[in-house]
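Chain residues, written in single-letter form:
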Amino acid sequence: GGGGRRGRVGSVGRGGSRGSWDRQRQRHERDARRIERLTTPYSRAPDCTAQLDASKLAAIEELVAQRLAAKLRRDFAESDALLQRLLDSGVRVTDDHRLWRSDDRPFVVPYRQEGGGIPRLGTGGTARIEALVLERGAAKASKDYRRADALEAELSRMRVGLEISRDQP
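Notes on the structure in this doc start here. (Residues numbered from 1 in each chain as written. Predicted model: local features only at pLDDT ≥ 70, side-chain atom pairs only at ≥ 80, totals over all residues. Heavy atoms only, no water.)

**Concerning the overall build of the protein chain**
Per the secondary structure count, the protein chain includes five helices and three strands. Reading the helices (α) and strands (β) of the protein chain from amino to carboxyl end gives α-β-α-α-β-β-α-α. The buried share among the 169 residues of the protein chain stands at 21%. The long-range share in the protein chain, meaning contacts at least 24 apart out of those at least 6 apart in sequence, stands at 58%. For the protein chain, the exposed area adds up to about 12,300 Å²; of that, 50% sits on carbon and sulfur atoms. (Helix = DSSP H or I, 4+ residues; strand = E, 2+ residues; numbered from the N terminus. Buried < 20%, exposed > 50% of the residue type's maximum accessible area, 1.4 Å probe, protein only. Contact = heavy atoms within 4.5 Å. Areas by Shrake-Rupley, 256 points an atom, 1.4 Å probe, with all protein chains shown as cover.)

As structure tokens, this is what we get:
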């Protein structure tokens, strides 16, 4: 005979298709977020203190845009050459956060505090945490990973956890 599957139009094997459609939708959403992140243009870091005239600003923005276009074409040799031109002119770029800056300050990822104050740390405890978080960010930006790890360990001893995401601005 024809077996039990005959006449079941639209059936997709064990458990139906609901789970399969959900997984497919999740994959499409993840891929869309990834593509959006990859194609997001770079912008000047909001805390960049460099004084730039309009022509210098336009020149930097053009080089940064050309570099993004080269990366999207997967022309990494051109992308690297453009990055070197930017570095030679005093412009640093963070690909993770799609920012550039032309001052001597490090990229420090903003953070947010969840929950209320921390009474066990006494007065000034929150300020100490903020200082350690910012110092850790500066250490990472300057590639002093040993110092960054030591600062993270100090925060951990204070029972302060860090949730780090590449998607943060």
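**A word on the packing of helix 2 (residues 54-72) against helix 3 (residues 76-88)**
At a closest axis distance of 8 Å, the pairing of helix 2 and helix 3 adopts a crossing angle of 160 degrees. By the angle between their axes, helix 2 is roughly antiparallel relative to helix 3. Considering the relative orientation of helix 2 and helix 3, their crossing is left-handed. Contacts between helix 2 and helix 3 involve Ile60, Leu63, Val64, Gln66, Arg67, Ala70 and Lys71 from the first element and Phe76, Glu78, Ser79, Leu82, Leu83, Arg85 and Leu86 from the second. Tallied by class, the residues present in the contact of helix 2 with helix 3 amount to eight nonpolar, two polar and four charged. (Axes fitted to C-alpha atoms, helices over the stretch in contact; angles between N-to-C directions. Parallel < 35°, antiparallel > 145°, perpendicular 65-115°, else oblique. Left-handed = near helix turned anticlockwise from the far one by under 90°. Nonpolar A, V, L, I, M, F, W, Y, C, P; charged D, E, K, R; others polar.)

**What about the environment of Leu52?**
Its place among the elements puts Leu52 in the loop between strand 1 (43-44) and helix 2. Distance in space between the C-alpha atoms of Leu52 and Ser102 is 8.8 Å, their sequence separation being 50 residues. Ignoring any residue separated from it by four or fewer positions in sequence, one finds Leu52 in contact with Arg44, Leu57, Ile60, Trp100 and Ser102.

**A look at helix 5 (residues 145-157)**
Spanning 13 residues, helix 5 covers 18 Å between terminal C-alpha atoms, matching the ideal 18 Å at 1.5 Å per step. For helix 5, every residue scored as buried is listed here: Ala148, Leu151 and Leu155. Each buried residue of helix 5 sits inside an arc of 65 degrees when the element is viewed along its axis, so together they form one side. Seen from the open side of helix 5, the exposed residues pointing more than 90 degrees away from its buried face are Arg146 and Arg157. Following helix 5 by one or two positions, Arg159 adopts a phi angle in the positive range, close to 65 degrees. (Expected span 1.5 Å × (residues − 1). Arc of directions from axis to C-beta.)

**Topic: the nonpolar core**
Ranked by size, the top nonpolar core spans eleven residues in total: Tyr42, Ile60, Leu63, Val64, Leu68, Ala70, Leu82, Leu86, Val91, Val93 and Trp100. At the level of elements, helix 2 and helix 3 are the ones that each hand at least two residues to this core. Element by element, the count of residues in this core is highest for helix 2, at five residues. Apart from residues lying up to four places away in sequence, Tyr42 is in contact with Val64, Arg67, Leu68, Lys71, Val93, Thr94, Asp95, Arg98, Leu99 and Trp100. (Core = buried A, V, L, I, M, F, W, Y, C linked by side-chain atoms within 4.5 Å.)

**What to know about the side chain of Arg101**
Locating Arg101 in the fold gives a position in strand 3 (residues 99-101). With a relative accessible area of 1%, Arg101 lands in the buried category. Side-chain polar atoms of Arg101 contact the backbone oxygen of Arg105, separated by 3.1 Å. Filtering out sequence-adjacent residues up to four positions away, Arg101 remains in contact with Ala45, Asp47, Cys48, Gly90, Val91, Arg92, Pro106 and Phe107. (Polar contact = N/O pair within 3.5 Å; in protein donor to acceptor, adjacent residues only side chain to side chain.)

**Brief notes about the sheet that holds strand 1**
Whether parallel or antiparallel, the strands of a sheet pair through hydrogen bonds between backbone atoms. The three strands lie next to each other as 1-3-2, forming an open sheet whose pairing is mixed. Two strands bound the open sheet, and with one partner strand each, they are strand 1 and strand 2 (92-94). Here strand 2 runs beside strand 3; their pairing, made up of three bridges, is antiparallel. Paired with Arg92 across the strands is Arg101, a residue of strand 3. (Pairing = 2+ DSSP bridges.)

**Here we look at the pattern of salt bridges**
Once the charged atoms of two side chains with opposite charge are near each other, the side chains can pair. A complete count under the given rule lists ten salt bridges for this structure. A salt bridge links Asp47 to Arg101, with the nearest nitrogen and oxygen atoms 3.1 Å apart. Of this pair, Asp47 sits in the loop between strand 1 and helix 2 while Arg101 sits in strand 3; the two residues are 54 residues apart in sequence, bridging distant segments of the chain. Classification of Asp47 as partly exposed rests on a relative accessible area of 31%. (Salt bridge = Lys/Arg side-chain N within 4 Å of Asp/Glu carboxyl O.)

So yeah, pure geometry; function would need other evidence.
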